[in-house]
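Structural overview for review
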Amino acid sequence: DVYPIPAIAGRAARHEDPLVVWGSGRQSRDFVHIDDCVDAMQLAIETISDGSGVNIGSGQPTTFLEVAAMFCGFAGYAPKIQPLEDQPTGVFARYADPRRAQQVLGWDPRIPIEEGLKRVYEAAVLKL
């Protein structure tokens, strides 16, 4: 897998040890399940008529080390999580300020990160 989350999920599904993450693993992102994104976009289409935007996100940064640990928990094993500091990391932190989406759309993500990542992990298991 090219994208980090399915790649890490696949490594966990294969019980790789060490389980590698690119960069320090301390870089963080605001992970939101696609179903929540679709719901927010539909609300925006129905609600916003002036072309203004809203941020779709939880406002909660989660590191790739935390993501890897969750996947390992789903897989039921405890490998060494190995950062690969010589690999690309992208920006250190990227997460949303969801206040406008909450105010204008009345929207918050419904699917907790654990549930969303569990779905990604289960899909990775099916690929084995």
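All of the points below concern the structure found in this document.

Topic: the nonpolar core
Counting 19 residues, the largest nonpolar core has Ile8, Ala12, Leu19, Phe71 and Leu117 as the members making the most contacts within it. Where this core is concerned, the elements lending two or more residues are α1 (4-13), β1 (19-22), α3 (64-75) and α5 (113-126). Counting residues per element, this core draws most heavily on α3, at seven residues. With residues up to four places along the chain from it excluded, the contact list for Phe71 reads Ile5, Ile8, Ala9, Ala12, Leu117, Val120 and Tyr121. Counting six residues, the second largest nonpolar core, distinct from the first, contains Ala40, Ala44, Ile48 and Trp107.

Some points on the side chain of Arg11
Relative to the assigned elements, Arg11 resides in helix α1. No salt bridge is formed by the buried Arg11; the nearest opposite charge belongs to Glu16, separated by 4.4 Å. Residues in contact with Arg11, not counting those within four places in the same chain, are Glu16, Leu19, Val20, Val21, Trp22 and Tyr77.

Let's talk about the environment of Gly76
Relative to the assigned elements, Gly76 resides in the loop between α3 and β4 (81-84). Judged by its relative accessible area of 64%, Gly76 is exposed. Residues Gly76 and His15 lie 61 residues apart in sequence; the distance between their C-alpha atoms is 8.9 Å.

Cut-offs and rules
- Residues numbered from 1 in each chain as written.
- Predicted model: local features only at pLDDT ≥ 70, side-chain atom pairs only at ≥ 80, totals over all residues.
- Heavy atoms only, no water.
- Core = buried A, V, L, I, M, F, W, Y, C linked by side-chain atoms within 4.5 Å.
- Buried < 20%, exposed > 50% of the residue type's maximum accessible area, 1.4 Å probe, protein only.
- Helix = DSSP H or I, 4+ residues; strand = E, 2+ residues; numbered from the N terminus.
- Contact = heavy atoms within 4.5 Å.
- Lys, Arg positive; Asp, Glu negative; His and termini not counted.
- Salt bridge = Lys/Arg side-chain N within 4 Å of Asp/Glu carboxyl O.

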